[in-house]
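Structural description and commentary
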Amino acid sequence: MSDTFDPVAWSATLMGAFAIAVAIGALRQPGIWGKMVDEIEHSPALQLLCGFAELFIGAAIYLLNPWDPADLLSMVMKAMGGLMMVEALVVMAISDLYFQAWLKNLVAMQRGWPLVTLLVGLVLLGAGTMRFT
């Protein structure tokens, strides 16, 4: 790859911006994630689409980011991509059990998960954009 393209910076920045936007939406509309998971749980078509999208995006993140022990952000992004692929396969294999567990978790931590997501998004966005300078 050329020196002008840093996949680690781009994937961290984009994932961070996405996480921040999603967290703000969830904080503005409490319970929206629970509703979303409930809708996905009851729709085999949405399960397939969400599983495929997560598998594709997770694979892109995993394959674009090198595993460099000297670079913590590259290892975090590679691991995140791998975990996304595993989660996508779990969604496709046992979505009924998986979404029930998430629904209980989201109801119990209606404000907690969006705050954690916001924090992770800010860290990823900051770490990614710092690499552009």
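Residues numbered from 1 in each chain as written. Predicted model: local features only at pLDDT ≥ 70, side-chain atom pairs only at ≥ 80, totals over all residues. Heavy atoms only, no water.

So, helix α2 (residues 32–41)
Quick note on the threshold: Classification of residues uses two cut-offs on accessible area relative to the type maximum, computed with a 1.4 Å probe and protein chains only: under 20% is buried, over 50% is exposed, and between them is partly exposed. For helices the rule is a DSSP run of H or I covering at least 4 residues; for strands it is a run of E covering at least 2, with both sets numbered from the N terminus onward. Note that the arc is defined by the directions from the helix axis to the C-beta atoms.
Every buried residue belonging to α2 is among Trp33, Gly34, Val37, Ile40 and Glu41, and all of these are buried. Each buried residue of α2 sits inside an arc of 125 degrees when the element is viewed along its axis, so together they form one side.

Topic: the pattern of salt bridges
Heads up, the condition is: Salt bridges are identified by distance alone: a Lys or Arg side-chain nitrogen within 4 Å of an Asp or Glu carboxyl oxygen.
Enumeration over the complete set of coordinates arrives at 2 salt bridges. Across the pair Arg131 and Asp71 runs a salt bridge whose closest N-O atoms are separated by 2.9 Å. With Arg131 in the segment after α5 (112–130) and Asp71 in the loop between α3 (44–64) and α4 (72–108), this pair connects stretches of sequence that are 60 residues apart. The exposure class of Arg131 is partly exposed, given its relative accessible area of 31%. Shared partners join several salt bridges into a network, and the residues in it are Asp6, Asp71 and Arg131.

What to know about the nonpolar core
Let me state the cut-off plainly: For our purposes a nonpolar core is just a set of buried Ala, Val, Leu, Ile, Met, Phe, Trp, Tyr and Cys residues, chained together by side-chain atoms within 4.5 Å. By the convention used here, residues are in contact when the closest approach between their heavy atoms is within 4.5 Å.
With 9 residues, the main nonpolar core is built from Ala26, Trp33, Val37, Ile40, Val91, Tyr98, Phe99, Leu103 and Leu106. Sorting the residues of this core by element identifies α2 and α4 as the ones contributing at least two each. Not counting residues up to four positions away in its chain, the partners in contact with Val37 are Phe99, Trp102, Leu103 and Leu106. Counting residues in each nonpolar core, the second largest holds 8 residues, with Met15, Ile61, Leu73 and Met84 among its members.

Focus on the side chain of Glu54
Here Glu54 lies in helix α3. Contacts of Glu54, omitting those with residues within four sequence positions, involve Met84, Glu87 and Ala88.

With respect to α3
Applicable threshold: One less than the residue count of a helix, multiplied by 1.5 Å, gives the span that helix is expected to have.
Between the first and last C-alpha of α3 there are 30 Å, a value that for 21 residues agrees with the 30 Å anticipated at 1.5 Å per step. Listed in full, the buried residues belonging to α3 are Gln47, Gly51, Glu54, Gly58, Ala59 and Ile61. Viewed end-on, α3 has its buried residues packed into an arc of 165 degrees, placing them on one side of the element. Opposite the buried face of α3, at more than 90 degrees from it, the exposed residues are Leu48, Leu49, Phe52, Phe56 and Leu63.

Details of the environment of Leu49
Here Leu49 lies in helix α3. The class for Leu49 is exposed, based on a relative accessible area of 56%. Placed 60 residues apart in sequence, Leu49 and Met109 show a C-alpha to C-alpha distance of 26 Å.

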